[in-house]
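Residue-level structure breakdown
If you want the building blocks of each chain, they are given just below.
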Amino acid sequence: MEEPPKEESTAPAGVDSVSSLPDEMLHHILSFVPTKIAITTSVLSKRWRHVWCKTPYLSFPHHKSSLESIHETLASYTAAKITRFHLYVDRETPEASERSRHHVDSLIKFAISHNVEKLSLVLNAYYVFPDFFFSNSSLKQLIVDSWNYIRPKCTVSWTSLQNLSLRNSSLDESFTKVLSGSLMLESLTLQSCSLSCLDLSESPRLRRLNLEFFNSSPRKCHIVAPHIHYLRMIDFTQKYSLVDVSSSLIEANIDTIYFLPRFWCTQDDPSKDPSKEDYQVMMQTMLEKLQNVENLTVGLSFLQMLSIAEVSGVHFPTFKVKTLTLKTTILRSAVLGIAKLLQNSPELKKIVFYKTEDWNCSVEKYVNRYMEPQDPQDLIFPAKSACKVAKPHLVASFMELLLRNTRTLETLVLQLRSCLNTSNYDELSQIALTLSHKNKVCIVLK
């Protein structure tokens, strides 16, 4: 029998198909690697010799690249415009600090002069942001990771800035200059920052607010954000007050808020603890701000806070949640909070459950110390997380908890990750099928 003819290659022998790509595609490929590595492609062939010089993506992420060598590198750069510029500056000796500030000034000025659109700065050395840094008409995205104060002494003019992300920064009242000079701002992210007030009332285009890893502080942080549609608060340990948020908020992701009244953490008499009233007011306000949210994501710690709020007599409003995402492990301390949230969400259509293994042992201890199961059926849920493998009867009981506290649910999705083995999955699939028919709810196991 004759062998079928072999298909001929569409590319001529000896031709480098990658090198034949247009410059724009080669630049896109080089955008995924640091500039130091991109430069090494210049020795591949004559075709590659000057490709890196015109790429609009420059990245200097490694502290091993000295600021002096970066300047030498940029002397060969010929592109007229920079789309993305990333610079990492490592901590240096005091003697070198002054030289570093001069080099950083020059590099930022270089990026600005090339109409940079996305600027990312990681500054571990002492640095004072110069006035020219706060005036840029081409900048659309700015990321600054620096423990230095961002205190503009001049007028800020970031007329095209849409996304601003600050990490490890100390902010004061001068931050209002940043906001007033960024009228096109749509998204604001603050990570591990410290401030006492965040007033976004004069930022009409701001739609997304992300607050993460806030520093613990005795001061209460007042948050005014009447225009945002999306709020994310993760590992938020500082006392806060949501002043004006609920009117336009339609999506929220809330977890890990550790402001506990003192009597939960001690053996004190709750009736003599003024912090209980503060806690009730804070949780009451928080829940009211979430009542118009349609897409809500909550984690274990916040669910435990809800359990405490229910026991403490906090009034729960009626929520407009249509899609609820639960990122939690299955614990007794979260059950009461979940049940109350479901009972007060009469428009709920979909629940997505992501089983996690992360939890705060100290918060769990306080919650379990002062809470008794409200429903005997809740005793099946463990008081503490021990087994990483989800037992079918436990997951089944959790599904039943969700189903019996809802009336309008259409879809239940359980993302169990690697918590089930094959036999457990088969058993749970049969249970889910039975519950699905019984409750007329589509149940999906993943």
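Preceding block: the structure.
One structure accompanies this document, and this report is about it. If you're wondering where the values come from, they're calculated on a predicted model, not measured in any experiment.

So, on to the overall build of the chain. Scanning the chain from N- to C-terminus turns up 12 helices and 19 strands. Here the chain, with 446 residues, has 50% of them falling under the buried criterion. Residue pairs at least 24 apart in sequence account for 58% of intrachain contacts in the chain once pairs closer than 6 positions are excluded. Here the chain displays about 22200 Å² of accessible surface, and carbon together with sulfur accounts for 52% of that area.

A few words on the packing of aromatic side chains. Following the criterion strictly, the structure yields eight aromatic pairs and no others. Look at Phe129 and Phe133: their rings are 4.9 Å apart centre to centre, the planes differ by 35°, and that puts the pair in the tilted class. Here the aromatic residues Tyr127, Phe129, Phe133, Phe134 and Trp158 are joined through ring pairs into a cluster of three or more. Here the guanidinium or amino end of Lys109 rests over the ring plane of Phe132, the centre of that ring lying 4.7 Å away. Geometry around Tyr230 places Arg208 over its ring, the cationic atom sitting 3.9 Å from the centre.

Next up on the list: the nonpolar core. Of all hydrophobic cores here, the largest spans 121 residues; its most connected members are Phe85, Phe133, Leu188, Leu209 and Leu326. Considering every element that reaches this core, the biggest residue donor is helix 11 (residues 392–404), with eight residues. In this view, Leu326 contacts Val298, Leu303, Ile338, Ile351, Val352, Phe353, Tyr354, Phe398 and Leu402; residues no more than four positions away in its chain are not counted.

A few words on helix 9 (residues 332–343). Across its 12 residues, helix 9 extends 17 Å between first and last C-alpha, which sits within 8% of the 16 Å expected from 1.5 Å per residue. The element helix 9 is largely enclosed, with a buried count of nine among its 12 residues. Within helix 9, burial applies to Ser333, Ala334, Val335, Leu336, Gly337, Ile338, Ala339, Leu341 and Leu342.

Take the environment of Phe175 next. Mapped onto the elements of the fold, Phe175 is located in helix 5 (residues 175–180). Taking the C-alpha atoms as reference points, Phe175 and Ile150, separated by 25 residues in sequence, lie 7.5 Å from one another. Once residues within four sequence positions are removed from consideration, Phe175 is found in contact with Leu164, Leu166, Leu188 and Leu198.

The subject of this paragraph is helix 11. Compared with the 18 Å implied by 1.5 Å per residue over 13 residues, the 18 Å span of helix 11 between its first and last C-alpha is a close match. For helix 11, a buried count of 10 out of 13 residues is recorded, marking the element as mostly surrounded by other parts of the structure. When we look at burial in helix 11, the residues that qualify are Pro392, Leu394, Val395, Ala396, Ser397, Phe398, Met399, Leu401, Leu402 and Leu403. Considering only its buried residues, helix 11 is in contact with strand 16 (323–328), helix 9, strand 17 (350–355), strand 18 (411–415), helix 12 (422–439) and strand 19 (442–445).

The subject of this paragraph is the packing of helix 8 (residues 300–311) against helix 9. Two elements in contact, helix 8 and helix 9, have axes separated by 7 Å at closest approach and are oriented at 75°. It follows from the interaxial angle that helix 8 and helix 9 lie roughly perpendicular. In this structure, helix 8 uses Leu300, Leu303, Gln304, Leu306, Ser307, Glu310 and Val311 to contact helix 9, whose residues at the interface are Ser333, Ala334, Val335, Leu336, Gly337, Ile338, Lys340 and Leu341. Counted by class, the contact of helix 8 with helix 9 contains nine nonpolar, four polar and two charged residues.

Moving on, we get to the packing of helix 11 against helix 12. Two elements in contact, helix 11 and helix 12, have axes whose closest approach is 9 Å; the angle formed by their N-to-C orientations is 20°. On the basis of their axis angle, the class for helix 11 and helix 12 is roughly parallel. By crossing handedness, the relation of helix 11 to helix 12 is classed as right-handed. Contact residues: Pro392, Val395, Ala396, Met399, Glu400 and Leu403 in helix 11; Asn424, Glu427, Leu428, Ile431, Ala432, Leu435 and Asn439 in helix 12.

Phi is positive for Asn115, which is not a glycine, with a value near 50°. In this fold, Asn115 is placed in the loop between helix 4 (94–113) and strand 3 (118–123). Judged by relative accessible area, Asn115 falls into the partly exposed class, the value being 39%. Residues other than glycine seldom take positive phi values, yet Lys440 does so here, at roughly 55°.

The rules behind each value
- Residues numbered from 1 in each chain as written.
- Predicted model: local features only at pLDDT ≥ 70, side-chain atom pairs only at ≥ 80, totals over all residues.
- Heavy atoms only, no water.
- Helix = DSSP H or I, 4+ residues; strand = E, 2+ residues; numbered from the N terminus.
- Buried < 20%, exposed > 50% of the residue type's maximum accessible area, 1.4 Å probe, protein only.
- Contact = heavy atoms within 4.5 Å.
- Areas by Shrake-Rupley, 256 points an atom, 1.4 Å probe, with all protein chains shown as cover.
- Phe/Tyr/Trp six-rings, centres within 6.5 Å; stacked < 30°, edge-to-face > 60°.
- Lys NZ or Arg CZ within 6 Å of the ring centre and 35° of its normal.
- Core = buried A, V, L, I, M, F, W, Y, C linked by side-chain atoms within 4.5 Å.
- Expected span 1.5 Å × (residues − 1).
- Axes fitted to C-alpha atoms, helices over the stretch in contact; angles between N-to-C directions.
- Parallel < 35°, antiparallel > 145°, perpendicular 65-115°, else oblique.
- Nonpolar A, V, L, I, M, F, W, Y, C, P; charged D, E, K, R; others polar.
- Left-handed = near helix turned anticlockwise from the far one by under 90°.

Function cannot be read off these values alone, since they describe shape.
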